[in-house]
Amino acid sequence: MISRKYQSIIILCLSFFVLAACSAQSTGQQHEVKEVNLLFNFATSSLDPNVDTSYVSLRAGITETLVHLNDKDLTIEPWLAKSWSSKDGQLWEFQLRDGVTFQNGEAMDGQAVKASLERAMKDSLAIKNALRIESITAKGNALTIKTEVPFPEFPSELVHPNTSIIDVTEPDFINKPIGTGPFAVSKFIPGTAVELTRYEAYWGGAAKLAKARFSFNEDANARSLALESGDADIVFRPEVESLASLEAIDRVKVESTSTFRVHQMTMNLEKKELQDINVRKAMDALIDRSAIAGTILHGHAEVAKGPFPSTFSFAPSYPEKEKGMEAARRYLEQAGYKEVNDVMQKEGKPLTFTLLTYSSRADLPLIAQVFQSDAGQLGIDVNIKQIEIPEEYMAANRDWDLTTYSNLTAPRGDAGYYLNATYHPKGALNFSGADDDHLTAMIDELNVTVGQEKRSDIAEDIALYVDEQVYNSFILHPNTLVAYDADKVKNWITSRSEYYMLTNELDVK
């Protein structure tokens, strides 16, 4: 008979083996769960893919659009639509991809896409103006779309993230939109993060990751620290000043990629002072672009002469301009201003500006401060005002004069998007209030022109006219900076469009 002492030892040993087995099983399960945490620089309080200007639903792989942008050659290519055609540029036939389902298992067919596009146009005036759709009819997986006018570049508009296709019968668009992408929303904490799980029936093949977290932090330094500490696996736009320390970490890889983005000084053309072209020229001359690219972006940028990077076919050769403090002073004198007791004034009224900026792009407030300092040397008082979401603020308020703003100028491989959105009176991003009949006529001509060469010629003429009139000042084209844990993350691609981030191919080692 086994003594009580030996019984206790046997029980203890069995307990140990059971615990060890459980621990091993638990560890094994942890290893099986593949997941990443991407830390993004813009926070959002809504995942509604048709109105959210942070485009989180598309970037996080929740939703998709009918048409995809090829980042390498700037051409559009099929995505949820497998083909499209038009004989006259106004009546379009789209054939949808077969076998696509929403994350609730419902089929994505013509009727569902029609309802989604109609809902996007109803809830977003910007999308309504951009698409200019007169009617949509659906039959099976075929869509017939008629635009209000001949619109040869219409398919490229369907790249825009706000045209994402969702199941509109699922009404919680803000917290849980139901799209067709590789990841479904499991939890959304507004302003903090969206947690995602793999959609097993994804038409492109189930994602390699079981889970993902797309989180937000507008503090660039905090994003860098999160990668250093291991709290984040991928950080979008880490602090420029932290790049050297990040690159010194063996496991961290930093990528700096040219993009379609421009940092610009948006001018409120409804303000009396800025209606004088010489005042606009003075503001433009004050911007020391080379110094900003070198000192603030540490060389991760191209000095901008216009809205489009110089490598684009529709980027013209711009005439040289007068630059610097003395050039700015001469322009202001031509506008009737004089410097009296270190104050630039006209008819006794000091020249002052309210300059908007926002912290989710850490370089913009610094550019604002440099401009404020340089303007101060000319006796111009610049008051800097911090805002959160520039598009919302500029659209709803007219109490500002200038804004350091960042914009994707050719996210669809064509100049039409930016020029329409920014300078057409109906443009979704026309925060300046530009309403120039000659400029509008040029954009309207571009909109009905077929053929990339002809379109590029017209786009160049428009860009030159915008430059001549100084409708906004263009500062630089910043590179997209991404840092990630290369010992863990596999298949990450830093896209030039900044649209596609969490994909079904993203993986961990």
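In this text, all values refer to a predicted model and were calculated from it rather than measured experimentally. Every residue gets a number counted from 1 within its own chain, in the order that chain's sequence is written. The predicted origin of the model limits local features to residues at a pLDDT of at least 70 and limits the giving and counting of side-chain atom pairs to 80 or more, whereas totals for whole chains, interfaces and linings rest on all residues. As a rule here, side-chain values come from all non-hydrogen atoms in the structure, and water together with hydrogens is ignored.

S.K.: What am I meant to see in the pattern of salt bridges here?
M.R.: One side chain can pair with another of opposite charge once the charged atoms of both are near each other. Whenever Lys or Arg places a side-chain nitrogen within 4 Å of a carboxyl oxygen from Asp or Glu, that contact is recorded as a salt bridge. A complete count under the given rule lists 28 salt bridges for this structure. A salt bridge links K385 to D399; its shortest N-O distance comes to 3.4 Å. With K385 in strand β19 (residues 381–387) and D399 in the loop between α12 (390–396) and β20 (402–408), the pair connects residues that are 14 residues apart, well separated along the chain. Burial classes follow relative accessibility: with a 1.4 Å probe on protein chains only, a residue under 20% of its type's maximum area counts as buried, one over 50% as exposed, and anything between as partly exposed. D399 sits in the partly exposed class, given a relative accessible area of 38%. Think of it this way: any DSSP run of H or I at least four residues long counts as a helix, any run of E at least two long counts as a strand, and we number them from the N terminus.

S.K.: Could you clarify how one ought to interpret the sheet that holds strand β22 (residues 480–485) in this entry?
M.R.: In spatial order, the strands read β8-β9-β10-β1-β11-β22-β12; together these seven strands make up an open sheet with mixed pairing. Edge strands, defined here as strands with exactly one partner in the open sheet, are β8 (183–189) and β12 (252–257). Going across the sheet, the axis of each strand differs from the next one's by a mean of 20°, ignoring polarity. Here, any two strands with at least 2 DSSP bridges between them count as paired. Of the strand pairs in this sheet, strand β1 (residues 35–40) and strand β11 (residues 234–236) are connected by two bridges, and their pairing is parallel. Within β11, the position partnered with L38 by the bridge is I234. Any pair of residues with heavy atoms lying within 4.5 Å of one another is described as a contacting pair. Axis angles are defined between N-to-C directions and span 0 to 180 degrees, where every axis is a line fitted to C-alpha atoms and, for a helix, only to the segment in contact. Here helix α6 (residues 220–229) sits on the sheet and contacts β1, β11, β12 and β22; the angle it forms with β11, its principal contact strand, is near 170°.

S.K.: Is there a simple way to think about the sheet that holds strand β21 (residues 473–478) in this case?
M.R.: In a beta sheet, neighbouring strands pair by backbone hydrogen bonds and run either parallel or antiparallel. Pairing within the open sheet is mixed, and its six strands lie in the order β14-β21-β13-β20-β18-β19. Across the chains shown, the open sheet's two edge strands, defined by having one partner strand only, are β14 (301–303) and β19. For this sheet, the mean inter-axis angle between neighbouring strands, taken without regard to orientation, is 30°. Examined bridge by bridge, strand β13 (residues 261–267) and β20 share seven bridges and lie antiparallel to one another. Within β20, the residue paired with Q264 across the bridge is Y405.

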